[in-house]
Amino acid sequence: TLQNTSERRGAMMATLRCDHPDIDEYIDAKRGGGALASFNLSVQVSDKLMDAVAADRDFALVFPAEGLDDGGQDAPIEMRAWTGSAGAVPCRVWRRVRARELWQRIVHAAHESGEPGVVFVDRVNRWNNLWYREHITATNPCGELPLPPYGACNLGSLVLPRFVRDPFTPRAAFDFDALATTATLAVRFLDDVIDVSHFPLPEQAAEARATRRLGLGMTGLADALLMLGKRYDTEDARQAAAAIMRTIAHAAYRASIDLARERGPFPALDADRFLLSPFVAALPEHLQLLIRSDGIRNGQLLAVAPA
């Protein structure tokens, strides 16, 4: 018999709020192995939990009160934002736990079984370029790209050792110009991928084409640093890594602006609100001015995979 080598096992990401009443069972779900083999699990960790951990306070586990009829009407009520609701909703406090004990439970489970991971969900949404149109609670299965409902990851990585000139010699240097040129081409390539892709669901196609989300990143950082004669865990290496990623970021955003002139900006662009996002607001001023005047082709452009 012939094996179909085009098949691969699917991967899925599941996340659960840190204040959900079932959080204990969720954290322990993969301890001992065997269960949920095709799932990666992560906990949506809120700022509220981390503040409680830092202050050693109790933390309330809650669930929306509407529709519950189980005799717990006298339980305390707290207002919480809840997935699927436009704003804060009344939630019944099921129980209170010590925040540090909950955090340690996550840490110990991750140490024993590799899961769950954590998604710092409030930070994700604060730094999302598209904060004005979506609320994110999950990522792709490898965790590098936070995604809204029906979101798709369209990823590419630049192989950094290819850009090292005269490796392992005193003349070793990184070719930032070549990196910027390649990043520019990569953005154009990844943008084309959206238009030629066949999406399983119409909702996925609509989401991808509305925001034209990309994830351009890098791989081979440790090898490139070694070729440049830099020890990985040094300030010199950290500065080099920052300069590399800065070059990719600025080249990618400039390429996306150029594409917007050619093909139009992504349909969901609201330039005034897009420019308020923390990452875009930290870009060089000339890029911000170009986004305001010409638009930008892609709502998100960067992602560093666990490579």
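It should be noted that the structure appears before, not after, this text.
Below: a short report on this structure. (Residues numbered from 1 in each chain as written. Predicted model: local features only at pLDDT ≥ 70, side-chain atom pairs only at ≥ 80, totals over all residues. Heavy atoms only, no water.)

A few words on helix α8 (residues 235-263). For α8, with 29 residues, the first-to-last C-alpha span of 41 Å sits near the 42 Å given by 1.5 Å per residue. Two residues or fewer past α8, Gly264 is found with a positive phi of approximately 100 degrees. (Helix = DSSP H or I, 4+ residues; strand = E, 2+ residues; numbered from the N terminus. Expected span 1.5 Å × (residues − 1).)

This part covers the sheet that holds strand β2 (residues 39-45). Taken in spatial order, the three strands make up an open sheet running β1-β2-β6, and their pairing is parallel. At either margin of the open sheet sits one strand with a lone partner, and together these are β1 (12-17) and β6 (117-120). Put simply, the sheet's adjacent strands are angled 35 degrees from each other on average, direction ignored. Judged from the four bridges that link them, β2 and β6 form a sheet pairing that is parallel. Opposite Val43, over in β6, you have Val118 as the bridge partner. (Pairing = 2+ DSSP bridges. Axes fitted to C-alpha atoms, helices over the stretch in contact; angles between N-to-C directions.)

Moving on, we get to the pattern of salt bridges. Counting across every chain of the model gives 33 salt bridges. Linking Glu78 and Arg96 is a salt bridge whose minimum nitrogen-to-oxygen distance equals 3.2 Å. Taken together, the residues Glu78 in strand β4 (residues 77-81) and Arg96 in strand β5 (residues 88-98) connect sequence positions 18 residues apart. You can call Arg96 partly exposed: its relative accessible area is 48%. A salt bridge links Arg188 to Glu262; the nearest nitrogen and oxygen atoms lie 2.8 Å apart. Residue Arg188 is found in helix α5 (residues 176-196), and its partner Glu262 is found in helix α8; the two are separated by 74 residues along the sequence. Its relative accessible area of 51% is what places Glu262 among the exposed residues. (Salt bridge = Lys/Arg side-chain N within 4 Å of Asp/Glu carboxyl O. Buried < 20%, exposed > 50% of the residue type's maximum accessible area, 1.4 Å probe, protein only.)

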